[in-house]
Amino acid sequence: MNKEQKKFYQLTVPERLAQLKDDGSLSDADLKALSGSPGLTTEQADHMIENVVGTYALPMGIAQHFLINGRDVQVPMVIEEPSVVAAASFMARLIRSGGGFSASATAPEMVGQIQILDVDDLDQAIHALEEATPELLEKAAQADPLLVKLGGGPRDITLRKIEDSPIGAFLVLHLVMDVRDAMGANAINTALERLTLLVESITGGRALLRILTNLADRRLARAECSIPAEALAFGEYSGEMVRDRIIEAWAFAAVDPYRAATHNKGIMNGVDAVVLATGNDWRAVEAGAHAYAARSGKYTSLSTWSKGDNGDLVGELEMPMAVGTVGGATRVHPAAAAVLKLMGAKTAVDLAEIIISVGLAQNLGALRALATEGIQRGHMSLHARQVAVAAGVPQERIHPIVEQMVKEGNIHVDRAMEIMEEWRTR
Ligand code: MEV
């Protein structure tokens, strides 16, 4: 088989890199950054966090076949778990057969909170803050004139009365701010701190916490897909059977928090891997996802799966997506910059649309496997590879040992060592 006929996963690592270069979108420097050479240097890392002693590498794979809003996208994913990249690519190919992903994102509006304590009359304070909203917004805007010039900045102020808390009643001010292509934590937190004195003088109270909320429910990303049932058929399973079982599997997550936590974890396998590859704050995205999943008061699935009028399997995913293409590590980390370039993600909205699509693909991959042949089958050989490596099996012996362990259904470091010993003494 020559290189042209091979699928991406069949190529060697240098061949994959060469193909990315042939595709035209990456320079040699970008390719080097992607392949971790030099990657993030210790000097660069030393400017990012404190007490640096080095860097820590994780595998980066490129998910294939994504068609998002009519555009082909190669999606770099950083993750230690086997099968995730393969599942994303496979599901993207199925979803492509139904026209690909339709993705969208709201305006990049983040919300920051000020906790206002020691207020004598909460209603009167709310009234006074409402009256002063234009002044408060103006003051907040002064915190970041560049953001305002770029079309972002403070948009709104809302007020909430918390009447029942362990310390009694208090007031919460929400500042809504369009942060454009940034993740936005710095912009929001700076603006909130600027408002402190004004808020205190208007309310007569004491502003304690001033911090963004990770429940970024004004910054949502959505993806949808519609897959013809026949495209889902495989082995002994008809397409209709796979479709209906996926819907049954989803229904479990829709009603049961124990299942929903795992279901959403599968979604986050895809989401986090791209968030991480782009140097974004995956803890913020995780926090937002799970808080959003519990917004009704009961933790539930972030996605929905149903049967369309034409018999298609229809999937939808919606969740907060606080990610940026400027600021933070997105521009400092050389690989993150190359990743954004490879995906053609120019704005935070572009990036959010890609990430949410990967989350939906990953969810489909997990449900399809779980509702048919089970998850372990697909996991086995990759898991066995990791076990073989952990057992110290030399490179040239990994493949046969993996095959043997999978065949025996006994995938353990001890067994890998035993097989090596058997071969040595044969
Ligand atoms: C494993 O990393 C993710 C799954 O558990 C997700 C799911 O159960 O839906 C397979």
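Residues numbered from 1 in each chain as written. Predicted model: local features only at pLDDT ≥ 70, side-chain atom pairs only at ≥ 80, totals over all residues. Heavy atoms only, no water.

Quick look at helix H4 (residues 84-96)
Then, in step 1: With 13 residues, H4 should reach 18 Å at 1.5 Å per residue; the first-to-last C-alpha distance of 18 Å fits that figure.
Then, in step 2: Looking only at H4, the buried set comprises Val-84, Ala-88, Ser-89, Met-91, Ala-92, Leu-94 and Ile-95.
Then, in step 3: Considering only its buried residues, H4 is in contact with strand E1 (60-68), strand E2 (71-78), strand E8 (220-227), helix H10 (257-277) and helix H14 (348-370). (Helix = DSSP H or I, 4+ residues; strand = E, 2+ residues; numbered from the N terminus. Expected span 1.5 Å × (residues − 1). Buried < 20%, exposed > 50% of the residue type's maximum accessible area, 1.4 Å probe, protein only. Contact = heavy atoms within 4.5 Å.)

As for a nonpolar patch on the surface
Then, in step 1: Where nonpolar side chains cluster on the molecular surface, the patch consists of Met-48, Ile-49 and Val-332 and spans about 250 Å² of accessible area.
Then, in step 2: With respect to the helices, strands and loops of the structure, Val-332 is situated in helix H12 (residues 329-332).
Then, in step 3: When its relative accessible area of 38% is taken as the criterion, Val-332 is described as partly exposed. (Patch = residues over 30% accessible without salt bridge, like charges linked within 9 Å, V, L, I, M, F, W, Y side chains within 5 Å. Areas by Shrake-Rupley, 256 points an atom, 1.4 Å probe, with all protein chains shown as cover. Salt bridge = Lys/Arg side-chain N within 4 Å of Asp/Glu carboxyl O.)

Concerning the site of the ligand
Then, in step 1: All residues adjacent to the ligand are Glu-81, Arg-259, Thr-262, His-263, Lys-265, Gly-266, Asn-269, Ala-366, Leu-370 and Ile-375.
Then, in step 2: Here Glu-81 contributes a side-chain N or O atom positioned 2.7 Å from an oxygen atom of the ligand.
Then, in step 3: The separation between an oxygen atom of the ligand and a polar side-chain atom of Asn-269 is 2.9 Å.
Then, in step 4: Protein contact buries 84% of the 300 Å² of open area that the ligand shows by itself.
Then, in step 5: When contributions to the shell around the ligand are tallied by element, the ones reaching two or more residues are H10 and H14.
Then, in step 6: Tallied by class, residues from the shell around the ligand come to 3 nonpolar, 4 polar and 3 charged. (Near = heavy atom within 4 Å. Polar contact = N/O pair within 3.5 Å; in protein donor to acceptor, adjacent residues only side chain to side chain. Nonpolar A, V, L, I, M, F, W, Y, C, P; charged D, E, K, R; others polar.)

Things to note about the packing of aromatic side chains
Then, in step 1: By the definition in use, this model includes 2 aromatic pairs.
Then, in step 2: With a centroid separation of 5.1 Å and 40 degrees between ring planes, the pair formed by Phe-234 and Tyr-237 is classed as tilted.
Then, in step 3: One cation-aromatic arrangement involves Arg-16 over Phe-8; the distance from NZ or CZ to the ring centre is 5.9 Å. (Phe/Tyr/Trp six-rings, centres within 6.5 Å; stacked < 30°, edge-to-face > 60°. Lys NZ or Arg CZ within 6 Å of the ring centre and 35° of its normal.)

What about the sheet that holds strand E10 (residues 313-320)?
Then, in step 1: Strand order in the open sheet made by the 4 strands is E3-E8-E10-E9, with antiparallel pairing throughout. Of all strands in the sheet, those with a lone pairing partner are strand E3 (102-105) and strand E9 (303-307), marking the two edges. Each strand of the sheet is rotated relative to its neighbour by a mean of 10 degrees, with strand direction disregarded.
Then, in step 2: Here E8 runs beside E10; their pairing, made up of 8 bridges, is antiparallel. What sits directly across from Ser-226, in E10, is Val-314.
Then, in step 3: Against the sheet, H14 makes contact with E3, E8, E9 and E10, and its axis sits at roughly 45 degrees relative to E8, the strand it touches most. (Pairing = 2+ DSSP bridges. Axes fitted to C-alpha atoms, helices over the stretch in contact; angles between N-to-C directions.)

Topic: the environment of Ala-260
Then, in step 1: Tracing the chain through its elements places Ala-260 in helix H10.
Then, in step 2: A relative accessible area of 0% places Ala-260 in the buried class.
Then, in step 3: When the C-alpha atoms of Ala-260 and Ile-202 are compared, they prove to be 44 Å apart, with 58 residues separating the residues in sequence.

Some details on the domain arrangement of the protein
It is common to give the size of an interface as the accessible area that goes away when the parts come together.
Then, in step 1: Per the domain assignment, the segments making up the protein are domain 1 (3-105 + 223-372), domain 2 (109-212) and domain 3 (378-424).
Then, in step 2: Here domain 1 and domain 3 have C-alpha centroids that lie 29 Å from each other.
Then, in step 3: Carbon and sulfur atoms supply 56% of the area that domain 1 and domain 3 bury against each other, a total of about 330 Å² over both sides.
Then, in step 4: In this assembly, domain 1 and domain 3 are joined by 0 salt bridges.
Then, in step 5: Linking domain 1 with domain 3 are 1 residue pair in polar contact (both at pLDDT 80 or more).
Then, in step 6: Looking at the side of domain 1 that touches domain 3 residue by residue, the class counts come to 1 nonpolar, 1 polar and 2 charged. (Domains from an automatic or database assignment. Buried area = accessible area lost by both parts, 1.4 Å probe.)

Comments concerning empty space enclosed by the protein
Then, in step 1: Under the criterion given, the structure shown has 2 cavities of 30 Å³ or more.
Then, in step 2: Approximately 60 Å³ is the volume attributed to the largest cavity.
Then, in step 3: Around the largest cavity sit Ala-105, Thr-106, Pro-108, Arg-219, Leu-220, Met-321, Val-323, Ala-348, Val-349 and Ala-352, which together line it.
Then, in step 4: With 3 residues, H14 is the single largest residue contributor to the lining of the largest cavity.
Then, in step 5: Among the residues making up the lining of the largest cavity, the classes are represented as 8 nonpolar, 1 polar and 1 charged.
Then, in step 6: Computed from the structure, the second largest cavity encloses a volume of approximately 30 Å³.
Then, in step 7: The wall of the second largest cavity is formed by Asn-214, Ala-216, Ala-284, Val-285, Gly-288, Ala-289, Pro-320 and Ala-322.
Then, in step 8: For the lining of the second largest cavity, the per-class residue count stands at 6 nonpolar, 2 polar and no charged. (1 Å grid on protein atoms, 1.4 Å probe; cavity = no way out; pocket = protein on both sides within 12 Å on 5 of 7 lines; lining within 4 Å. Points joined across faces, edges and corners; volume = space filled by probe spheres on them.)

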